[in-house]
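So the chains spell out like this:
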Amino acid sequence: MDTLESLVNNSEHLLIASLAFVVLLSVCILVTTGKNEPQPPRLRETIPFITNTYQYLTDMGAFLDRATKALSKHDIIKFNLGLKTVYMVTGAKNTAKLFSPPHIMDPNMFHTLLMDKHWGMAREEIEMFEGDKSGRKKIPISGTEAIPETQRHWYNHHQIYAKYLSSAKYTEILTNTFYRFFSERLNEGHPLETWTSVRLYDFMKTAMAESAIKAMFGTVLLEANPDLIKCYWEFDEIAGILVWGLPRFLIPRAYNVRERLHNMTKRQTEIAYKEFDWDGVDANSDWDPYWGSRFSREIARWLKDAGFSVRTASGHTMATLFGLNGNTLPVATWTLMELIQDPPLFQRVRQEVEQAFTIDERTREYRLDNVEKLLSKPLIQSVYTEALRMHISFNATREVLEDIYIGGYRIPKGSLVQSPTQIAHYDEAVWGADGHPASEFWAERHLNYVKVNGENDLAQEPQFSVNARPTSYFPYGGDHAMCPGRHFAKREIITAVAIIVMKFDIEFIEWVHSDGSTSDRPAQNDKRYAGAAGMPPDRDMKIRWKRRF
């Protein structure tokens, strides 16, 4: 499989040439706006108006390293992304400005960008969303009351997410369905009390992804497309470079991968629209083999009723595949890697999560009895939160709809403002503790110990707490545009970790490359995925494990 770097190397000179035309226009913009106003420092570049754009589009990891260095001296910097002016900010106060109300800072531009680049949505259908200015709340924004409710696409889309993906009822149903599929998958090929060896991330990319896909989308998607998981991980590798608009002739493989995956989800969508009985017993069921979850079924129903095409419906499935796996798989894997490297911590987590399991009287096996009880346990929550802090990398992005001041500078309408989690989540002033710098994993970083009543006056118990403001910790975005799937993502990650910790005794063998050869160092964040979502490990962990039940 080609790497992200190889996707662009062969087209390097062509890309530079295609960017060169922006120089004159960018200079004109620069000299005709804000002449007498102070401006934040520009991010230095070798070739003015080209280097930053080129690196942003082709090597986000290196770009963010440069931006991080610049933002250590200034809490706001400026650069051009093509013809677009971008202000990158850091610090709680500036990030709070980024998360201003949507009539000032618009998150929708990024969503419509994804509709184009990931969904492959037709331009006229994107315009149906862009033309809807009524907002996502039940009461339309003033001046848009005449828009019929059937054309309030942002609101209707949001309502389905809120009810069927974010509510306690349906996230619990979805988690229980995932638990059932994942438990069954873990039993396959792992006889009781027998040691076997696997590469952890390689295993999770198949077993956990397969279980999550079945829970969310049903079994027909995988039955109709036996190579879907393989194709998905190819898409996951190139999803980041698709977003900001490199043309097809520069990255043909990336677009070809997208179309192959889109054709697979389209095949499932066409089968389901044709064969599913919308008046049958499964029409309001919690799960069915054609659509999977109630969420997926209701989205498909709404898109069809609202006049959107099969391509858009299947594009939504493809984008949800990325949301379903792009963060959860890397974070779950990193969490397990940290536990396996620290056997005493592994045992502490096992003892804690065991309280949410019961022994089935018929099979005498452990089974997860109470998901909410599991999610309330302080240590597993702290470990999960720490994994998110260290391994999620994306740039929270808003488009400025009216002039706003940030850090003493006027940010003009039409600009983009970004705040990278990679900087906020590693801020030593926020996250550092004695003996535990922000750059290192510490399982107890998000625990407070409080006194408890009892005979021992020194007795303390841990309580989970994220000791930072939302502007210093935003792995799922912020304020009006937080990821609606975050509730299920948390349940999926913690449930997956809990099942494996309970079901297996595990021993570390060695760090390996993706081809299985021995690595001379542990895993680090794979910076090819910087700015895109969860950063997977750039090395795999070879382990031996034995199933307990």
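Our subject is the structure that appears above.
Residues numbered from 1 in each chain as written. Predicted model: local features only at pLDDT ≥ 70, side-chain atom pairs only at ≥ 80, totals over all residues. Heavy atoms only, no water.

A. Quick look at the overall build of the protein chain. Per the secondary structure count, the protein chain includes 23 helices and 17 strands. Expected size for 549 residues packed as a compact globule is a radius of gyration near 24 Å; at 24 Å, the protein chain falls within 12% of this value. Across its three principal directions, the C-alpha atoms of the protein chain cover 75 × 60 × 50 Å. Accessible surface, the protein chain: about 24200 Å² in total, of which carbon and sulfur atoms supply 51%. Each charge sign in the protein chain was given a centre, from 64 positive and 69 negative side chains, and these centres are 3 Å apart. (Helix = DSSP H or I, 4+ residues; strand = E, 2+ residues; numbered from the N terminus. Rg over C-alpha atoms; globule rule 2.2 N^0.38 Å. Areas by Shrake-Rupley, 256 points an atom, 1.4 Å probe, with all protein chains shown as cover. Lys, Arg positive; Asp, Glu negative; His and termini not counted. Charge placed at Lys NZ, Arg CZ, Asp CG, Glu CD.)

B. Focus on the sheet that holds strand E15 (residues 504-512). Taken together, three strands build an open sheet; the order of strands is E4-E17-E15 and the sheet is antiparallel. The sheet is open, and its two edges are formed by strand E4 (195-199) and E15, each paired on a single side. The average undirected angle you get between the axes of adjacent strands in this sheet is 25°. One ladder, built from eight bridges, connects E15 with strand E17 (residues 540-547); its direction is antiparallel. Opposite Val512, over in E17, you have Asp540 as the bridge partner. (Pairing = 2+ DSSP bridges. Axes fitted to C-alpha atoms, helices over the stretch in contact; angles between N-to-C directions.)

C. Representation of the packing of helix H10 (residues 168-187) against helix H23 (residues 486-503) within the structure. Where H10 contacts H23, the two axes come as close as 10 Å, and the packing angle between them is 30°. For the element pair H10 / H23, the angle class is roughly parallel. Once H10 is placed against H23, the crossing between them reads as right-handed. Packed against H10, whose contacting residues are Thr171, Leu174, Thr175, Phe178, Tyr179, Phe182, Ser183, Leu186 and Asn187, the element H23 presents His487, Phe488, Arg491, Glu492, Thr495, Ala496, Ile499, Ile500 and Lys503 at the interface. (Parallel < 35°, antiparallel > 145°, perpendicular 65-115°, else oblique. Left-handed = near helix turned anticlockwise from the far one by under 90°. Contact = heavy atoms within 4.5 Å.)

D. Representation of the side chain of His316. Within the element layout of this structure, His316 appears in helix H16 (residues 310-325). Apart from residues no more than four positions distant in its own chain, His316 is found in contact with Trp119, His157, Tyr161, Phe295, Ile299 and Leu303.

E. How the structure looks around the packing of aromatic side chains. Overall, the coordinates contain 27 aromatic pairs when judged by the stated rule. Taken together through their ring pairs, the aromatic side chains of Tyr56, Phe63, Phe79, Phe110 and Trp244 make up a single cluster. In this structure, Arg152 packs its charged tip against the face of Tyr155, placed 4.6 Å from the ring centre. (Phe/Tyr/Trp six-rings, centres within 6.5 Å; stacked < 30°, edge-to-face > 60°. Lys NZ or Arg CZ within 6 Å of the ring centre and 35° of its normal.)

F. The arrangement of unusual backbone geometry in detail. Located in the positive-phi region is Phe49, a residue other than glycine, with phi close to 70°. When you line up the elements, Phe49 lands in the loop between helix H3 (22-32) and helix H4 (51-58). Phi at Glu193 is positive, roughly 55°, even though this residue is not glycine. If you trace the backbone, Glu193 turns up in the loop between H10 and E4. A residue is classified by how much of its surface remains accessible, and Glu193, at 52% relative accessible area, is exposed. (Buried < 20%, exposed > 50% of the residue type's maximum accessible area, 1.4 Å probe, protein only.)

G. Representation of the packing of helix H11 (residues 200-217) against helix H17 (residues 328-341). Interaxial distance between H11 and H17 falls to 10 Å at its minimum, and their mutual angle equals 135°. Between H11 and H17, the crossing angle belongs to the class labelled oblique. As for the relative orientation of H11 and H17, their crossing is right-handed in sense. Here Leu200, Tyr201, Met204, Lys205, Met208 and Ala209 of H11 lie close against H17, whose contacting residues are Thr328, Leu329, Pro330, Ala332, Thr333, Leu336, Met337 and Ile340. Each residue belonging to the contact of H11 with H17 can be placed in one class, and the counts come to eleven nonpolar, two polar and one charged. (Nonpolar A, V, L, I, M, F, W, Y, C, P; charged D, E, K, R; others polar.)

H. Highlighting the environment of Gln341. One can find Gln341 in helix H17. Exposure remark for Gln341: the relative accessible area of 41% places this residue in the partly exposed category. Along the primary structure Gln341 and Phe508 are separated by 167 residues, whereas in three dimensions their C-alpha atoms are 6.9 Å apart.

I. Representation of the pattern of salt bridges within the structure. Counted by the stated rule, this structure contains 29 salt bridges. The salt bridge involving Arg123 is made with Glu130; its shortest N-O contact spans 2.4 Å. Arg185 is paired through a salt bridge with Glu188; the nearest N and O atoms lie 4.0 Å apart. Judged by relative accessible area, Glu188 falls into the partly exposed class, the value being 47%. Connected through salt bridges with shared partners, the residues Arg185, Glu188, Glu210 and Lys214 form a single ionic network. (Salt bridge = Lys/Arg side-chain N within 4 Å of Asp/Glu carboxyl O.)

J. Quick peek at the pairing of strand E2 (residues 84-89). Within E2, five of the six residues are buried, leaving the element largely enclosed by the surrounding structure. Two strands pair when backbone bridges link them, and strand E1 (residues 76-81) and E2 are joined in this way by six bridges, in the antiparallel orientation. Looking across to E2, one finds that Leu81 is bridged to Lys84. The turn linking E1 back onto E2 is made up of two residues, and Gly82 within it adopts a positive phi angle of 65°. In this structure, E2 lies alongside strand E12 (residues 416-420), joined through three bridges in parallel fashion. For Tyr87, the partnering residue across the bridge sits in E12 and is Val417.

K. A look at H10. With 20 residues, H10 extends 28 Å between its outermost C-alpha atoms, agreeing within 8% with the 28 Å of an ideal straight helix rising 1.5 Å per residue. Backbone geometry just downstream of H10 places Gly189 in the positive-phi region, at approximately 75°. (Expected span 1.5 Å × (residues − 1).)

L. View of the environment of Ser439. With respect to the helices and strands, the residue Ser439 is situated in the loop between helix H22 (428-431) and strand E13 (447-451). Given the relative accessible area of 47%, Ser439 is considered partly exposed. Residues Ser439 and Pro343 lie 96 residues apart in sequence; the distance between their C-alpha atoms is 21 Å. Not counting the four nearest positions on each side in its chain, Ser439 is found in contact with Met390, Tyr426 and Glu428.

M. Broad picture of the side chain of Thr397. With respect to the element layout, Thr397 can be found in strand E9 (residues 392-400). One polar contact links the side chain of Thr397 to the main-chain carbonyl oxygen of Asn395, over a distance of 2.8 Å. Among the polar contacts listed, one links the side chain of Thr397 to the side chain of Gln418, at a separation of 3.1 Å. Other than its neighbours up to four places away in sequence, Thr397 contacts Pro107, Met109, Trp244, Val417 and Gln418. (Polar contact = N/O pair within 3.5 Å; in protein donor to acceptor, adjacent residues only side chain to side chain.)

N. Fine view of the pairing of E12. By the criterion of burial, E12 is predominantly enclosed, with five of the five residues buried. Neither face of E12 is open: one carries Leu416, Gln418 and Pro420, the other Val417 and Ser419, and all of them are buried. Bridge count between E9 and E12: five bridges; the pairing is antiparallel. Bridge assignment links Asn395 to a residue of E12, and that residue is Pro420.

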